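Listed here are the chains, written in short residue letters.
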Amino acid sequence: MYSRTEKAKIRKDFWTTFGQYMKPVPNAEGFRTNWQNYKTGVKDIYFRMKAEREFASIGIEITHTDLELQQLYFEQFEAFQTLLESEVAEKWEWRMHLSNESNKTISRIEKVLQGVNVMEESDWPDIISFLKPRIIALDAFWSNIKPAFEAF
């Protein structure tokens, strides 16, 4: 069992390692990017990567508090579903209007890797190998479709 401080340190060490691993990788436009804190540049749309005790995940979160606008954003992403799935080379899970950990209604498009544990350093290569190509593909996808969301 890990103390709260130990858990926080392990998570911080993981994300530092991930950041160092990703540092030389430019974004789709050729610029340096803080991959672990990726900024979409559009309010209420986030790219989230998680590394937890039972899974790792990457996804798009739509957090607009106006549920009709959140649905509009989600439907806009659905219009680009084929492009997203072609860029990431796999199908992702699409869920509209679900409750997150803070009990807020969000919509999420994500891919989850089960059976890995960020607390086990031996799982870090699997987690990084899962996250790296997907965040790069998500960035390439976003560089193509971002203008469609800037109009909102």
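Preceding block: the structure.
Reference entry: report on the structure contained in this document. Since the structure is predicted, the reported quantities are computational estimates derived from the model, not experimental observations.

Quick look at the overall build of the protein now. Along its length, the protein carries four helices and four strands. The helix and strand sequence of the protein, counted from the amino end, reads α-β-β-α-α-β-β-α. Principal-axis analysis of the C-alpha atoms gives the protein an extent of 45 × 35 × 25 Å. The buried share of the protein, taken over its 152 residues, is 43%. Sequence separation of 24 or more characterises 63% of the internal contacts of the protein that already satisfy a separation of 6 or more.

Structurally, His 64 can be placed in the loop between β2 (55-62) and α2 (67-79). Only 3.0 Å separates the side chain of His 64 from the backbone nitrogen of Asp 66, close enough to count as a polar contact. Sequence-distant contacts of His 64, defined by excluding residues within four places in its chain, comprise Asp 44, Leu 69, Gln 70 and Tyr 73.

The next subject is the sheet that holds strand β1 (residues 45-51). By way of backbone hydrogen bonds, the strands of a sheet pair with one another, either parallel or antiparallel. Taken together, four strands build an open sheet; the order of strands is β1-β2-β4-β3 and the sheet is antiparallel. Strand pairing shows two members of the sheet lacking a second neighbour, β1 and β3 (93-99), which therefore form its edges. Pairs of neighbouring strands in the sheet enclose a mean axial angle of 25 degrees, with direction left out of account. Examined bridge by bridge, β2 and strand β4 (residues 105-114) share eight bridges and lie antiparallel to one another. Bridging across to β4, Ile 62 finds its partner in Ser 107. Against the sheet, α2 contacts β1, β2, β3 and β4, and its axis sits at roughly 175 degrees relative to β3.

Before going further, it helps to spend a moment on the environment of Val 88. Secondary-structure assignment places Val 88 in helix α3 (residues 81-88). Residue Val 88 is classed as buried on the basis of its relative accessible area, which comes to 9%. Each C-alpha atom of the pair Val 88 and Arg 134 lies 6.1 Å from the other, and the pair is 46 residues apart in sequence.

Right, let's get into the pattern of salt bridges. Enumeration over the complete set of coordinates arrives at 11 salt bridges. A salt bridge links Glu 90 to Arg 134, with the nearest nitrogen and oxygen atoms 2.6 Å apart. Of the two residues, Glu 90 sits in the loop between α3 and β3 while Arg 134 sits in helix α4 (residues 124-150), which places them 44 residues apart along the sequence. When its relative accessible area of 18% is taken as the criterion, Glu 90 is described as buried.

In this section: the packing of aromatic side chains. Scanning the entire structure with this criterion turns up 14 aromatic pairs. Judged by centre distance (6.4 Å) and plane angle (25 degrees), the ring pair of Phe 14 and Phe 18 falls under stacked. Taken together, the residues span about one helical turn, with Phe 14 and Phe 18 both in helix α1 (residues 4-22) at a distance of four residues. Looking at Phe 18, the relative accessible area reads 0%, which means it is buried. Look at Tyr 38 and Phe 47: their rings are 4.9 Å apart centre to centre, the planes differ by 20 degrees, and that puts the pair in the stacked class. A single burial state applies to Tyr 38 and to Phe 47, both of which are buried. A network of ring pairs unites the aromatic residues Trp 35, Tyr 38, Phe 47, Tyr 73, Phe 77, Phe 80, Phe 141, Trp 142 and Phe 149 as a single cluster. Stacked on the ring of Tyr 46, the Lys or Arg Arg 48 has its end atom at 4.3 Å from the ring centre.

The rules we used
- Residues numbered from 1 in each chain as written.
- Predicted model: local features only at pLDDT ≥ 70, side-chain atom pairs only at ≥ 80, totals over all residues.
- Heavy atoms only, no water.
- Helix = DSSP H or I, 4+ residues; strand = E, 2+ residues; numbered from the N terminus.
- Buried < 20%, exposed > 50% of the residue type's maximum accessible area, 1.4 Å probe, protein only.
- Contact = heavy atoms within 4.5 Å.
- Polar contact = N/O pair within 3.5 Å; in protein donor to acceptor, adjacent residues only side chain to side chain.
- Pairing = 2+ DSSP bridges.
- Axes fitted to C-alpha atoms, helices over the stretch in contact; angles between N-to-C directions.
- Salt bridge = Lys/Arg side-chain N within 4 Å of Asp/Glu carboxyl O.
- Phe/Tyr/Trp six-rings, centres within 6.5 Å; stacked < 30°, edge-to-face > 60°.
- Lys NZ or Arg CZ within 6 Å of the ring centre and 35° of its normal.

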